[in-house]
Amino acid sequence: MALKVRVNHDLPVFVAISNQAQAQLRMARCADERAPGLECVRIENLGDHYAQVKSLTIECGAWRKTVPVNGRILADAWRQWILELPSNSSDAVKVSAVTSVGVIHADLSAQSR
């Protein structure tokens, strides 16, 4: 009696170039439509390493609100957040994010709605 065993494995292999892997973040307004009084901000990671988002700060005129978030954005991925704006404000909307690669900024009022 003979016993034949055949094993097949699919193991993921991650290859990185010799340069240090790093995140490259870009923040912009979401493409989706949203209700009045809400703003949607999207952070894309165009790099080859994950990034940690620690907080988002939204400014509209003299009004300012910091929202603590704890999220990872994997390489070549994105995350988005919906933030509340003050009622009846037509001032410029600026958002900044504290991340593991530094602070990034976006002027959402300069982007089309």
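Residues numbered from 1 in each chain as written. Predicted model: local features only at pLDDT ≥ 70, side-chain atom pairs only at ≥ 80, totals over all residues. Heavy atoms only, no water.

## Details of the sheet that holds strand E3 (residues 51-60)
To keep things clear, this is the line we draw: A pair of strands is treated as paired once DSSP finds two or more bridges between them. Numbering of helices and strands runs from the N terminus; a helix is a DSSP stretch of H or I covering at least four residues, while a strand is a stretch of E covering at least two. Fitted lines through C-alpha atoms give the axes, limited to the stretch in contact for helices. The angle between two N-to-C directions lies from 0 to 180 degrees.
The antiparallel open sheet is built from 4 strands, whose spatial order is E4-E3-E6-E7. The outermost strands of the open sheet, each flanked by one partner alone, are strand E4 (63-73) and strand E7 (102-107). Going across the sheet, the axis of each strand differs from the next one's by a mean of 20°, ignoring polarity. Of the strand pairs in this sheet, E3 and E4 are connected by 9 bridges, and their pairing is antiparallel. For Ser55, the partnering residue across the bridge sits in E4 and is Pro68.

## Quick notes on the pairing of E7
Looking along a regular strand, one sees the side chains alternate between the two faces of the sheet. In the sheet, strand E6 (residues 93-99) pairs with E7 via 6 bridges, with the strands oriented antiparallel. By the bridge assignment for E7, Lys94 is matched with Asp107. Two successive antiparallel strands, E6 and E7, enclose a turn made up of 2 residues.

## Digging into the nonpolar core
Let me state the cut-off plainly: Only buried residues count toward a nonpolar core, which is a set of Ala, Val, Leu, Ile, Met, Phe, Trp, Tyr and Cys residues joined through side-chain atoms within 4.5 Å. Whether a residue is buried, partly exposed or exposed follows from its accessible area with a 1.4 Å probe, protein chains only, as a fraction of its type maximum: under 20%, in between, or over 50%, in that order. Between two residues, a contact is recorded if the distance between any of their heavy atoms is within 4.5 Å.
Within the largest apolar cluster, 21 residues are counted, with the highest numbers of intra-cluster contacts made by Met27, Val41, Ile43, Val53, Leu56 and Trp81. Filtering out sequence-adjacent residues up to four positions away, Val41 remains in contact with Met27, Ala28, Cys30, Leu56, Arg79, Gln80, Trp81, Leu83 and Val95.

## Describing the state of the cysteines
Think of a disulfide as a covalent bridge from one cysteine sulfur atom to another cysteine sulfur atom. Counted only if it meets this: In plain terms, two cysteine sulfur atoms within 2.5 Å form what is called a disulfide here.
Summed over all chains, the structure comprises 1 disulfide. Covalent S-S linkage joins Cys30 and Cys40, the inter-sulfur distance amounting to 2.0 Å. Measuring handedness by torsion sign, the sulfur bridge of Cys30 and Cys40 sits at about -65° and is left-handed. Remark: Cys40 occurs in strand E2 (residues 38-45) and Cys30 occurs in the loop between strand E1 (25-29) and E2; sequence separation between them is 10 residues. Taken individually, Cys30 and Cys40 each receive the classification buried, so the pair is uniform in this respect. Cysteine Cys60 shares no disulfide, and the gap to the nearest cysteine sulfur, in Cys40, comes to 16 Å. On the basis of relative accessible area, Cys60 is assigned to the buried category, the value being 3%.

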